[in-house]
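This is what each chain is made of:
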Amino acid sequence: MGKGQVNVLMLLLFLTLCSASDQKWRKAMISAEKATSLVMNRVGSSILFPIHGNVYPTGYYNVTIKIGQPPKPYFLDLDTGSDLTWLQCDAPCVHCVEAPHPFYQPSNDLVACRDPLCAALHPPGDYKCESPEQCDYEVEYADGGSSLGVLVRDVFSLNYTNGIQLSPRLALGCGYDQIPGASRHPLDGILGLGRGKSGIVSQLQSQGLVRNVVGHCLSGKGGGFLFFGDGLYDSSRVTWTSMSQEFTKYYSPGIAELHFGGKATGIKNLIVVFDSGSSYTYLNSQAYQTLTVLLKKELGGRSLKEAPEDQTLPLCWKGRKPFKNVKDVKKYFKTIALAFASSGRTKTQFELHPEAYLIISNKGNVCLGILNGTQVGLQNLNVIGDISMQDRMVIYDNEKQVIGWTPANCDQLPRSITANM
Ligand SMILES: *[C@@H]1O[C@H](CO)[C@@H](O)[C@H](O)[C@H]1NC(C)=O
Ligand SMILES: *[C@@H]1O[C@H](CO)[C@@H](O)[C@H](O)[C@H]1NC(C)=O
Ligand SMILES: *[C@@H]1O[C@H](CO)[C@@H](O)[C@H](O)[C@H]1NC(C)=O
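Residues numbered from 1 in each chain as written. Chains lettered and ligands numbered in written order. Predicted model: local features only at pLDDT ≥ 70, side-chain atom pairs only at ≥ 80, totals over all residues. Heavy atoms only, no water.

**Some words on the site of ligand 3**
Surrounding ligand 3, one finds Ser285, Tyr288, Gln289, Asn372 and Gln375. At a separation of 2.4 Å, an oxygen atom of ligand 3 approaches a polar side-chain atom of Asn372. Protein burial of ligand 3: of its 360 Å² of free accessible surface, 52% is covered by the chains. Take the shell around ligand 3: its biggest share by element is three residues, from helix H5 (residues 285-299). Of the residues belonging to the shell around ligand 3, the class tally is one nonpolar, four polar and no charged. (Near = heavy atom within 4 Å. Polar contact = N/O pair within 3.5 Å; in protein donor to acceptor, adjacent residues only side chain to side chain. Areas by Shrake-Rupley, 256 points an atom, 1.4 Å probe, with all protein chains shown as cover. Helix = DSSP H or I, 4+ residues; strand = E, 2+ residues; numbered from the N terminus. Nonpolar A, V, L, I, M, F, W, Y, C, P; charged D, E, K, R; others polar.)

Rendered as structure tokens:
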């Protein structure tokens, strides 16, 4: 399919949007001031999704996205650590793993090899097309999993928070050869929310449909929400730190220092990335070592004893009787923080209260949800995973190149701040 058709589709879409908001405008009889914000609302609009899942025992959060014509639902793992969205695909499938829905039937709208979206998925100068009409991709994840396939375009059925529907054609991977990773999630695919051009929000932005901003709110009780666009939070209440211009592959605020109980530990130069695709938080071997020594020192002489028999995570402790909630053990644990040396001399701290780094295992022990990244091959990357992002909004603003966070009630879907409908 040629470029012309895509443009026509976009044009139709915009006409639909305009007439729909005109109708509402007439019905609502609102002030001139509000009418202006209504017209402006398309760029200020956000797309909101409820999500399901938890850190433990499930180990991931999933979002339902409708793709194809007619639209079919798929359960996708939300991943701010990678760009490409892909589905297990009946192309036919050479190697797929069991999924909640029938495998995706690819559209015949192939992304061409010379398309910038194809180039974005390959290291510069390192990609030779087998055929000019087709873009092959392969993505590998830190847990050893991978997906190999072909890039296609298909319709995504989405809704703005004001109820207006949109159905853009976006590029996605038709994954016909998957190797499951260590964290085998029984899902239909991955929703790539990364910084790159092929990311879903970047594609929506380049079609003028939403600002290139992604946010999530993962509830400690399970569930929460995901959003695209900048209409659902009050920016003045958010702690912002600039995205690194050095480590551009991931959402990274750059280099941090590890703090424990309000004091610097002397562990500096940690390259930190935010990754919703990781359930736990990872520190490099040196930082992990320092942290575990400090934690054990704090616990010395307390009623908690190490419980090596509990294999839930590498480091667990048991009490006199089983724990039900992290609140039961909170008093034994200090706040950990990562202090970013961003914006000049002022340090922004990302704090981890006990709830942001501990879980209660099904045996009633408390386990450390910060793991040794060196052991899983992360080399020097330190990863802030889901456990440490719970019960706050984490916002990746690719327009302003900043990452922000603010405490939030993730159990309740937010209302539009620009509340004009
Ligand atoms: C994914 O989320 C849906 C709700 O949107 C839920 O019904 C489903 O059980 C979840 N799937 C998995 C595999 O966790
Ligand atoms: C969008 O809203 C319509 C009308 O309320 C609803 O039928 C549809 O399921 C929604 N689509 C998505 C993807 O949520
Ligand atoms: C972390 O993992 C590395 C690589 O397996 C290992 O050499 C190191 O001893 C581990 N560090 C700690 C503190 O367990």
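Further notes follow.
**Digging into the site of ligand 1**
Close contacts around ligand 1 come from His52, Tyr60, Asn62, Thr64, Phe75, Pro186 and Leu187, and that covers them all. In this structure, an oxygen atom belonging to ligand 1 sits 3.3 Å away from a side-chain N or O atom of His52. In this structure, an oxygen atom belonging to ligand 1 sits 2.6 Å away from a side-chain N or O atom of Thr64. A total of 360 Å² of accessible area belongs to ligand 1 in isolation, and the protein chains cover 63% of it. With three residues, the top contributor of residues to the shell around ligand 1 is strand E2 (residues 60-67). Considering only residue class, the shell around ligand 1 consists of four nonpolar, three polar and no charged.

**With respect to the pattern of salt bridges**
Evaluation of the coordinates by the stated rule reveals ten salt bridges. Between Arg169 and Asp109 there is a salt bridge, and its shortest N-O distance comes to 3.1 Å. Of the two residues, Arg169 is situated in strand E8 (residues 169-179) and Asp109 in the loop between strand E4 (86-88) and helix H3 (116-119); the sequence distance between them amounts to 60 residues. Each of the two residues, Arg169 as well as Asp109, counts as buried. (Salt bridge = Lys/Arg side-chain N within 4 Å of Asp/Glu carboxyl O. Buried < 20%, exposed > 50% of the residue type's maximum accessible area, 1.4 Å probe, protein only.)

**Concerning the state of the cysteines**
Simply put, disulfide is the name for a covalent bond between the sulfur atoms of two cysteines. Here the structure, examined in full by the defined rule, presents five disulfides. A disulfide bridge connects Cys89 with Cys174, and the sulfur atoms are separated by 2.1 Å. Every disulfide takes its handedness from the sign of the S-S torsion; for Cys89 and Cys174 that torsion is -85 degrees, giving left-handed. Taken as a pair, Cys89 in the loop between E4 and H3 and Cys174 in strand E8 lie far apart in primary sequence, 85 residues in all. In this structure Cys89 comes out as buried when scored by relative accessible area, which is 0%. By relative accessible area, Cys174 is classed as buried at 3%. (Disulfide = S-S within 2.5 Å.)

**Focus: the pairing of strand E5 (residues 136-140)**
Here E5 shows a clear split, with Tyr137 and Val139 buried on one side and none of Asp136, Glu138 and Glu140 buried on the other. Across five bridges, the pairing between E5 and strand E6 (residues 146-159) is antiparallel. Across the sheet, the residue bridging to Glu140 is Ser146, located in E6. Hairpin geometry of E5 and E6 is characterised by an intervening segment of five residues between the two adjacent antiparallel strands and by a positive phi of about 95 degrees at Gly144. (Pairing = 2+ DSSP bridges.)

**As for unusual backbone geometry**
The omega angle of the peptide bond from Gln69 to Pro70 is -5 degrees, so this bond is cis rather than trans. Between Ala91 and the following residue, Pro92, the backbone shows a cis peptide bond with an omega angle of 5 degrees. Mapped onto the elements of the fold, Pro92 is located in the loop between E4 and H3. For Gln379, which is not a glycine, the phi torsion comes out positive at approximately 50 degrees. Mapped onto the elements of the fold, Gln379 is located in the loop between strand E23 (370-372) and strand E24 (381-384).

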